[in-house]
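Tertiary structure, described
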Amino acid sequence: MTCPDTDLLHSLSAELSQRLKDLMDQALLGFIRPNSVSQFAQHASELANFREAMAQKNSNDDIEFLRSFREFIPTTNYDPYRPFIAKFFATPCKESDVQNMFAPGLPYCLAVSSTTSGKAPKTFPIYQPAPHLLHHPLYLSLRHSEGSILSPSSLSFGQALKMDFEDGHSSKVLPVCSVTVGFLRMQMNWHVEHDKDRIDLWVPGRTDPYAISLVKSYRAFFILNALFALADRRVTTIRFLFASVFVNFLQYVEDEWPLLIDCIEKGIIPDMENLDHFRESLEKHFTPNPLRAAELREIGPPGMQGWAVRVWPDLKKFIGITGGPAAASIPKVTHILGPSVVMQAPCYGSSECYIAMPYFNGDPNTDFKVVPIDGVTEYLDVHSNEPSERVLSAWELVTGGHYEPVLTTRNGLWRYRIGDVVTVKGFAPDDGLPVINYLHRRDGSLGLAYGSTCTESQLTNAIVSASTRWIGQIIDFTIVADDRDTPVTYGYLVEIGGEIGKDAKVATQQTFEALMTNNEYHMAFWQGRARKPTIRVVERGTFTEYRRQKCDKTNVSMGQVKVPIVLSDPSFKEWFLQNVIMEL
C-alpha cells in the first residue's frame, strides 16, 4: 500500500521487514561489539545487567549478543556519561586515563551541544569514522557544486584540551567545538596544531578564505563573510545550518551595505575588532572591483523579492534547517531567495549522532530517511499507555505514529534519549528504512498552572500564522513565562522586519484561538487556570545580539546558536524584556 502523492510504503511486507531487521542487526553489531570493551561499557552501572548476562553466555554468538542488548540495556540520559567525559577535562589528562573511553582509541574532538536551555552545554567525544565513511553524504556538509558556495564555517573553538602521551614528551590537542566543525576538520585533515600554517589558504569553490573561519568576533565573522560573498558573482549554493542564521546574516548585510559596497569598490578590508593578525592574509585575497560594486549599488540592500538571485544570478539551491525554532524565518528567507531557488534541509541529527538524510523523493525540507551510518535509531512511542516505555525497532513502527528517537552510536552512546519527537511518514520502498518528520522537543513545553501545556510546534505555528496575517514579516521569536498577572501565560517576544501591520493587535486573539486547539490549554482556560497569551515586540537586532552573547558564553559555533522556542534562562529573559519596544 502506497501513501498518496509519494512513493513511500504505508507498511512493510514480511520480506521487506526481514531485510530491514537484518540491516539494523548488522549495523547495531558493528557499533556495540567494539564499544562493549570501552571503559564506559565495562564500568557504567547502567550496563551491569548486560555485562552479567554476557558473562554467562557465549559472547561470540551474534544472536545472543543482540538479544542481551535488547533485553538488558536500559534507555539512558546524559548523567551516566558525565563522570566519564569529565576525565577529558582533568589536569593533567593522560592518554591511559581516556584511552577507549567510549569507543576504541582516542577521540578526534569533543562536540559541544547547541543548547537552548539555561543549562551548560553537553559535550560528547567524537571518534574519527573509517576512511570510507568519512565522506559519506550523511557527514558531508558540502558536496561538490558548480560555481561558488556561500557557507560560513567557523573553525574557532573556545577550549582546547591537552592530552599527554605515555612517553612523557608528546601530547595531543582535543578541540571542544561543534560537531559540524569537528567533521569539517576531519574531512579536510585540518588539525588544530597547524591552523596558523593554513592562514593564507583559500579552498577553491568557497566564497570565504580560510582566515575568516578562525575569526572569533561574531560581528566581524558575518561581515567578512558577507563582504567576500557579495564580491563573488558566481555563488550557486547558500548553506546555513539554520535558516534563521541566514536572516541574521542578511541583517548585517543591510546594516553595513554602504560600507560593504565601498570596500568591494576599493578592495579594502574594513576596520573591525580582533582582526589584526588575520588582516594581512585577507588583504592578499581581496582586490578592487568597481564594476561589481556598481552592479550591487544598482540592486540595493536586501529587501525586494528575489534579491538573492539578483545578486547571484547562478544561485540554484539553499540548504538550511527550516523547522523547529527556525520555522519563523521561512517567510523572510523565501522572499529574499525568490521562487526559482530550491530549498532543502541538511541532515537531521544532533551533537550526539547524525540520524537521517533528506529524502529527495518527498519534501527535502521536512522528510528525512533514517540511516544506520553514525548510529542505530530505536524508538519510544510517546503516546504509549504501557507502564514502562518499551523500546521499539524500526520494523515495529507504524505510519503516523509519534516517537522519541533512542540512539546507540558509533561514538559509544547506549540507547541514549535525545528528547525529540518525530512522526513516521512511511517507509522507503527500496530498503524499508523509515522516513520521518521532526515535530518538536518532547520536554519543550512551557507548563502553566496545573500542567496545561502546548508543544513547541503548536506554539510556533500559532505565532507564525498570526504574524504572517497581522503583524508583519517576523525575524525571530521566543517565549517567556509572562507572570505580570495570574495565572502565568505564554509571553511571546517577537522581532519584526519592516513595518508593523496596522491591525497587529488582532494577532494576540488569533494566537489565542490557535492555542485553544490544544485540549489541555482549552480546559485550563475555561477553568480559570490559564489566560490569553501576550505578544511584545523587541528592538531590531535583539536576536542577533542574543546569538552573539550566547557565542561568547559557550563553545557553540557561530552558525549553530539556536534561539529557544521557550526561554528558561532567567538572565536572558530579563535582558530580552529590557529590549521590548511595544506590546500588542
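Residues numbered from 1 in each chain as written. Predicted model: local features only at pLDDT ≥ 70, side-chain atom pairs only at ≥ 80, totals over all residues. Heavy atoms only, no water.

Another point: the side chain of asparagine 437. Residue placement: asparagine 437 occurs in strand β18 (residues 434-441). Polar contacts involving the side chain of asparagine 437 include one to the main-chain carbonyl oxygen of threonine 366, which spans 2.7 Å. Apart from residues no more than four positions distant in its own chain, asparagine 437 is found in contact with Thr366, Asp367, Val421, Val422, Thr423 and Lys425. (Helix = DSSP H or I, 4+ residues; strand = E, 2+ residues; numbered from the N terminus. Polar contact = N/O pair within 3.5 Å; in protein donor to acceptor, adjacent residues only side chain to side chain. Contact = heavy atoms within 4.5 Å.)

Ranked by internal contacts, the top residues of the largest apolar core, which has 142 residues, are Trp307 and Trp312. Residue contributions to this core peak at eleven residues, all from helix α9 (residues 218-231). Setting aside chain neighbours within four positions, we find tryptophan 307 in contact with Leu230, Leu250, Val253, Trp257, Ile299, Gly300, Pro301, Pro302, Trp312 and Ile336. Tyr521, Phe525, Val537 and Val566 belong to the second largest nonpolar core, which has 29 residues in total. (Core = buried A, V, L, I, M, F, W, Y, C linked by side-chain atoms within 4.5 Å. Buried < 20%, exposed > 50% of the residue type's maximum accessible area, 1.4 Å probe, protein only.)

Moving on, we get to the sheet that holds strand β6 (residues 171-177). A sheet is described by the order of its strands in space; here five strands give the open sequence β1-β5-β6-β2-β3, paired in mixed fashion. The outermost strands of the open sheet, each flanked by one partner alone, are β1 (93-94) and β3 (123-126). In the sheet, strand β5 (residues 159-164) pairs with β6 via six bridges, with the strands oriented antiparallel. Along β6, the bridge assignment pairs alanine 160 with proline 175. (Pairing = 2+ DSSP bridges.)

The next thing to look at is the packing of helix α16 (residues 456-471) against helix α17 (residues 506-515). The contact between α16 and α17 brings their axes to 9 Å, and the two run at 150 degrees. On the basis of their axis angle, the class for α16 and α17 is roughly antiparallel. Regarding α16 and α17, the two cross each other, and that crossing is right-handed. When α16 is examined against α17, the residues Gln458, Leu459, Ala462, Ile463, Ser465, Ala466, Arg469, Trp470 and Ile471 are found in contact with a partner set consisting of Val506, Ala507, Gln510, Thr511, Ala514 and Leu515. (Axes fitted to C-alpha atoms, helices over the stretch in contact; angles between N-to-C directions. Parallel < 35°, antiparallel > 145°, perpendicular 65-115°, else oblique. Left-handed = near helix turned anticlockwise from the far one by under 90°.)

A few words now on a nonpolar patch on the surface. Taken together, the side chains of Ile500, Ile581 and Met582 make up a nonpolar region of the molecular surface, amounting to roughly 230 Å² of accessible area. Tracing the backbone through its elements, the reader meets methionine 582 in strand β22 (residues 580-583). Note on methionine 582: relative accessible area 32%, which makes it partly exposed. (Patch = residues over 30% accessible without salt bridge, like charges linked within 9 Å, V, L, I, M, F, W, Y side chains within 5 Å. Areas by Shrake-Rupley, 256 points an atom, 1.4 Å probe, with all protein chains shown as cover. Salt bridge = Lys/Arg side-chain N within 4 Å of Asp/Glu carboxyl O.)

Its place among the elements puts isoleucine 373 in the loop between β12 (368-370) and β13 (375-381). Each C-alpha atom, one on isoleucine 373 and one on histidine 136, is 8.7 Å from the other, the two residues being 237 residues apart in sequence. Residues in contact with isoleucine 373, not counting those within four places in the same chain, are Phe31, Leu133, His136, Leu138 and Tyr139.

All right, on to the packing of aromatic side chains then. Taken as a whole, this structure holds 37 aromatic pairs when the rule is applied. Ring centres 5.2 Å apart and planes at 90 degrees place the aromatic pair phenylalanine 183 and tyrosine 354 in the edge-to-face group. In this pair, phenylalanine 183 is assigned in helix α8 (residues 179-188) and tyrosine 354 in strand β11 (residues 354-358), connecting sequence segments 171 residues apart. You'll find phenylalanine 183 and tyrosine 354 in the same group, each marked buried. A connected cluster of aromatic rings, assembled from ring pairs, spans Phe40, Tyr78, Tyr81, Phe84, Phe102, Phe124 and Tyr416. If you follow arginine 33 out to its NZ or CZ, it ends over the ring of phenylalanine 65, 4.2 Å from the centre. (Phe/Tyr/Trp six-rings, centres within 6.5 Å; stacked < 30°, edge-to-face > 60°. Lys NZ or Arg CZ within 6 Å of the ring centre and 35° of its normal.)

Here the focus is the environment of phenylalanine 221. Within the secondary structure, phenylalanine 221 sits in helix α9. Residues phenylalanine 221 and valine 488 lie 267 residues apart in sequence; the distance between their C-alpha atoms is 39 Å. With near-sequence residues (within four places) excluded, phenylalanine 221 lies in contact with Pro152, Ser153, Ser154, Ile212, Ser213, Val215 and Met558.

A few words now on the side chain of threonine 542. If you trace the backbone, threonine 542 turns up in helix α19 (residues 542-553). One polar contact links the side chain of threonine 542 to the main-chain carbonyl oxygen of glutamate 539, over a distance of 2.7 Å.

Time to look at the pairing of strand β19 (residues 473-482). Each regular strand carries side chains that alternate between the two faces of the sheet. Extensive coverage of β19 is indicated by the burial of eight of its ten residues. With nine bridges joining them, β19 and strand β20 (residues 489-497) adopt antiparallel strand pairing. Counterpart to valine 480 in the pairing with β20 is glycine 491. Hairpin geometry of β19 and β20 is characterised by an intervening segment of six residues between the two adjacent antiparallel strands.

In terms of burial, strand β21 (residues 534-538) is largely enclosed, as five of its five residues are buried. In β21, alternate side chains face the same way, and those of Thr534, Arg536 and Val538 on one face and Ile535 and Val537 on the other are all buried. Looking at chain direction, β20 and β21 are connected through four bridges and run parallel. Directly across from valine 494, in β21, lies its bridge partner valine 537.

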